[in-house]
Amino acid sequence: MPTVSRVRFTNIKVGIELNNLLSQEFIFQGENYKAISNCEYLLNTIEWYSGQNKDGWAGIQCKKLENCFKSTNINYSDVLLVLEKVGLIHKPRKGFFNRATKEGKVSKFKLTDLGRRLLLDSNREYLRKLHNDPDLDRRIRKNRSQNKSRSKKTDDVVIKRIKDNIYALEYNHADLENYWMQRPVDFSEGRKNNVEYSTTIIREGKFKEIIRCAIDGRIHHPWVLMSSSVRYIYLLRGKKYNCAIDIRACYPTFWARYLIDVLLFNLSDYINKELDANIILKNKYNNIINKLTSISIYNYCNINNNILYNSILQGSLHYLAENEEKLVEEYINWTEMWSNLDTDPRLLIAADLGKKHTKDEIKDQICRAINNKKNDVYKWIRKNYPILSKIWGKTDKKHTGVNISKIYETKLILNPENFELADRLGLEILPEHDGLGVFADADDHDIGAKVDVLREAIQRDCLNSFGIKPVITVKPVGLG
């Protein structure tokens, strides 16, 4: 359900027939035409709440109604009279929020057939354009330029490049209008508001400062918040959004690597600090290192990161490292399974679990399991990888996913060299957390080969840094 703050955006698309009907009313004339967007929001709210109640009537507190029109100079009670008069809503009913105490008086609303039809009308246009708001594009460009100049300077080359690219994004209004007309039938109100919000803040340059998140290391920006279904309409410095490349199943791909790094980091730290450390433990540590560095898919690289330090783990290192043969075996089996290009591990797990599990169910369960959700996949991991699970049990399992993002994913996706390579290939890119959005010239016949070069560079970086060659997929863009 959209929040009340959503109604502040006056330059949104509204149904043309709905606009024509309301524009005839005196209350919406002059500068008050902007409240038509508030009206559409209210109608959406009524329709949403109506669908939650058996009688089809939406109970809405007066405070919420007041907030709907707080950004305007119009009293909500006057608007309700107009909506009833023009036949968009039925005559409101009086009711009570708490029937037992008779407190919290509310009104109940329901759309008429006309109101529902106009609300769902796909023939839409920008509100300001419908009302001939003068020099709109010029004002938006000016405000966008001012917002860019006011943004904080940064020495982080990746943040600077992302910020410059966000300000350089453009789309054609006709393409956006076509998008609304072709959107899927099941397009939810939440997705609709996401698209309207994202396209507005990017176009006007009104977004928060772009920074690296302290928790997961990711850089959160307007592009990654936008519904992927609308990205295809965008151009970046004249290049069209072509595809997205991303690390397949990023969290599970690095799960075993993360646990091995936790163990080896703490073993190394313990042995370095304790001069009288048990010689047997030292030998076990060396054995693990030797075995892991002797196999081609793993090149141990000590990550000096506080995320990996665990005081609880250090108290039981001798127990967790007691079976280095089994530990190395589990690591290899897990990592080879998730980095195998020819098989999808989610299908393998689904087949092993049985019970009519599907790939999509496993895809959802594996991410939840890695963050300590005790579902069927969680139990499967514990059963098939008991030694790794012992290490996992000594960590803060709820933070497994964000730790993987911070240590591995961001190192690969937010590598400045990705931008340098894209420049040499004549491409533009924007990070999308576990992947990259790729922009190319519409007539670039070598785009497939260029994307492969970019994809292989990330694989090579991962292999050199972490000893893993992940599966990186290429997804075409379009309506989703």
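Below: a short report on this structure. (Residues numbered from 1 in each chain as written. Predicted model: local features only at pLDDT ≥ 70, side-chain atom pairs only at ≥ 80, totals over all residues. Heavy atoms only, no water.)

A look at the overall build of the chain
(1) Moving on: Along the backbone of the chain there are 23 helices and 11 strands.
(2) Moving on: Within the chain, the fraction of its 480 residues that count as buried is 50%.
(3) Moving on: On the chain, roughly 23800 Å² of surface is accessible, and the fraction owed to carbon and sulfur atoms is 49%. (Helix = DSSP H or I, 4+ residues; strand = E, 2+ residues; numbered from the N terminus. Buried < 20%, exposed > 50% of the residue type's maximum accessible area, 1.4 Å probe, protein only. Areas by Shrake-Rupley, 256 points an atom, 1.4 Å probe, with all protein chains shown as cover.)

Description of the pattern of salt bridges
(1) Moving on: For the coordinates displayed, the defined rule picks out 25 salt bridges.
(2) Moving on: Glu-40 is the partner of Arg-124 in a salt bridge, and the nearest nitrogen-oxygen pair spans 3.0 Å. Here Arg-124 is found in strand E5 (residues 124-126), whereas its partner Glu-40 is found in helix H2 (residues 35-50), with 84 residues between them in sequence. Just as Arg-124 is buried, Glu-40 falls in that class too.
(3) Moving on: Several salt bridges share partner residues, and in doing so they unite Arg-161, Arg-237, Asp-423 and Glu-428 into one network. (Salt bridge = Lys/Arg side-chain N within 4 Å of Asp/Glu carboxyl O.)

Focus: H2
(1) Moving on: Here H2 contains 16 residues, and its C-alpha end-to-end distance of 22 Å stays within 8% of the 22 Å for a straight helix at 1.5 Å per residue.
(2) Moving on: Counting buried residues in H2 gives 13 out of 16 residues, a clear majority hidden from the surface. (Expected span 1.5 Å × (residues − 1).)

Observations concerning the packing of aromatic side chains
Note on aromatic pairs: each is described by the distance of the centres and the angle between the planes.
(1) Moving on: In this structure the tally under the stated criterion is 16 aromatic pairs.
(2) Moving on: Taken together, a centroid distance of 5.0 Å and an interplanar angle of 40 degrees make the contact between Tyr-167 and Phe-207 tilted. Here the residue Tyr-167 occupies a position in helix H8 (residues 157-168), and Phe-207 occupies one in the loop between helix H10 (189-204) and helix H11 (222-225), the gap between them amounting to 40 residues.
(3) Moving on: What links up through ring pairs into an aromatic cluster is the set Trp-255, Trp-334, Trp-338, Tyr-378, Trp-380, Tyr-385 and Trp-392.
(4) Moving on: Of note, Lys-397 hangs over the ring of Trp-392, and the distance from its end group to the ring centre comes to 5.3 Å. (Phe/Tyr/Trp six-rings, centres within 6.5 Å; stacked < 30°, edge-to-face > 60°. Lys NZ or Arg CZ within 6 Å of the ring centre and 35° of its normal.)

Some words on the side chain of Ser-389
(1) Moving on: Structurally, the position occupied by Ser-389 is in helix H20 (residues 386-393).
(2) Moving on: Overall, Ser-389 belongs to the buried group, its relative accessible area being 5%.
(3) Moving on: Setting aside residues up to four positions removed in sequence, Ser-389 forms contacts with Trp-255, Ile-381 and Arg-382. (Contact = heavy atoms within 4.5 Å.)

Section: the packing of helix H16 (residues 324-338) against H20
The packing of two helices is summarised by the inter-axis angle and the distance between the axes.
(1) Moving on: Two elements in contact, H16 and H20, have axes whose closest approach is 8 Å; the angle formed by their N-to-C orientations is 95 degrees. Looking at the two axes, H16 sits roughly perpendicular to H20. Across from Lys-326, Leu-327, Glu-330 and Tyr-331 in H16, the residues of H20 making contact are Pro-386, Ile-387, Leu-388 and Ile-391.
(2) Moving on: Looking at the contact of H16 with H20 residue by residue, the class counts come to 6 nonpolar, no polar and 2 charged. (Axes fitted to C-alpha atoms, helices over the stretch in contact; angles between N-to-C directions. Parallel < 35°, antiparallel > 145°, perpendicular 65-115°, else oblique. Nonpolar A, V, L, I, M, F, W, Y, C, P; charged D, E, K, R; others polar.)

A look at the nonpolar core
(1) Moving on: Counting 100 residues, the largest nonpolar core has Trp-223, Trp-255 and Trp-334 as the members making the most contacts within it.
(2) Moving on: Broken down by element, this core gets its largest block of residues, 14 residues, from helix H12 (residues 250-273).
(3) Moving on: Counting residues in each nonpolar core, the second largest holds 32 residues, with Cys-39, Leu-42, Leu-83 and Leu-88 among its members. (Core = buried A, V, L, I, M, F, W, Y, C linked by side-chain atoms within 4.5 Å.)

Brief notes about empty space enclosed by the protein
(1) Moving on: Inspection of every chain in the model, using the stated rule, returns 3 cavities of 30 Å³ or more.
(2) Moving on: In this model, the second largest cavity occupies a volume close to 50 Å³.
(3) Moving on: Lining the second largest cavity, in full, are Arg-218, Ile-219, His-221, Val-224, Glu-409, Thr-410, Ile-413, Leu-414, Pro-431, Glu-432 and His-433.
(4) Moving on: The greatest single-element share of the lining of the second largest cavity, amounting to 3 residues, is contributed by helix H21 (residues 400-413).
(5) Moving on: Broken down by class, the residue content of the lining of the second largest cavity amounts to 5 nonpolar, 3 polar and 3 charged. (1 Å grid on protein atoms, 1.4 Å probe; cavity = no way out; pocket = protein on both sides within 12 Å on 5 of 7 lines; lining within 4 Å. Points joined across faces, edges and corners; volume = space filled by probe spheres on them.)

Some points on helix H13 (residues 279-293)
(1) Moving on: Taking 1.5 Å of rise per residue, 15 residues should cover 21 Å, and H13 covers 21 Å from first to last C-alpha, within 8% of that figure.
(2) Moving on: Buried within H13 are the following residues: Leu-281, Lys-284, Tyr-285, Ile-288, Ile-289 and Leu-292. The buried residues of H13 occupy an angular sector of 135 degrees when projected down its axis, which confines them to one face. Among the exposed residues of H13, those oriented more than 90 degrees off its buried face are Ile-279 and Ile-280. (Arc of directions from axis to C-beta.)

So, the environment of Trp-48
(1) Moving on: Note on placement: Trp-48 falls in helix H2.
(2) Moving on: With 10 residues separating them along the chain, Trp-48 and Ala-58 place their C-alpha atoms 8.0 Å apart.

Concerning the pairing of strand E10 (residues 435-440)
Strand residues, when the strand is regular, have side chains that alternate between the two faces of the sheet.
(1) Moving on: Of all 6 residues in E10, 6 are buried; the element is thus mostly enclosed.
(2) Moving on: Burial along E10 is two-sided: Gly-435, Gly-437 and Phe-439 facing one way and Leu-436, Val-438 and Ala-440 facing the other are all buried.
(3) Moving on: Across 6 bridges, the pairing between strand E8 (residues 239-247) and E10 is antiparallel. Pairing of Tyr-241 across the sheet is with Phe-439, part of E10.
(4) Moving on: Of the pairings in the sheet, the one linking strand E9 (residues 428-431) to E10 comprises 4 bridges and is antiparallel in character. Of the residues in E10, the one forming a bridge with Ile-429 is Val-438.
(5) Moving on: Here E9 hands over to E10 after 3 residues, with His-433 in that stretch at a positive phi of 65 degrees. (Pairing = 2+ DSSP bridges.)

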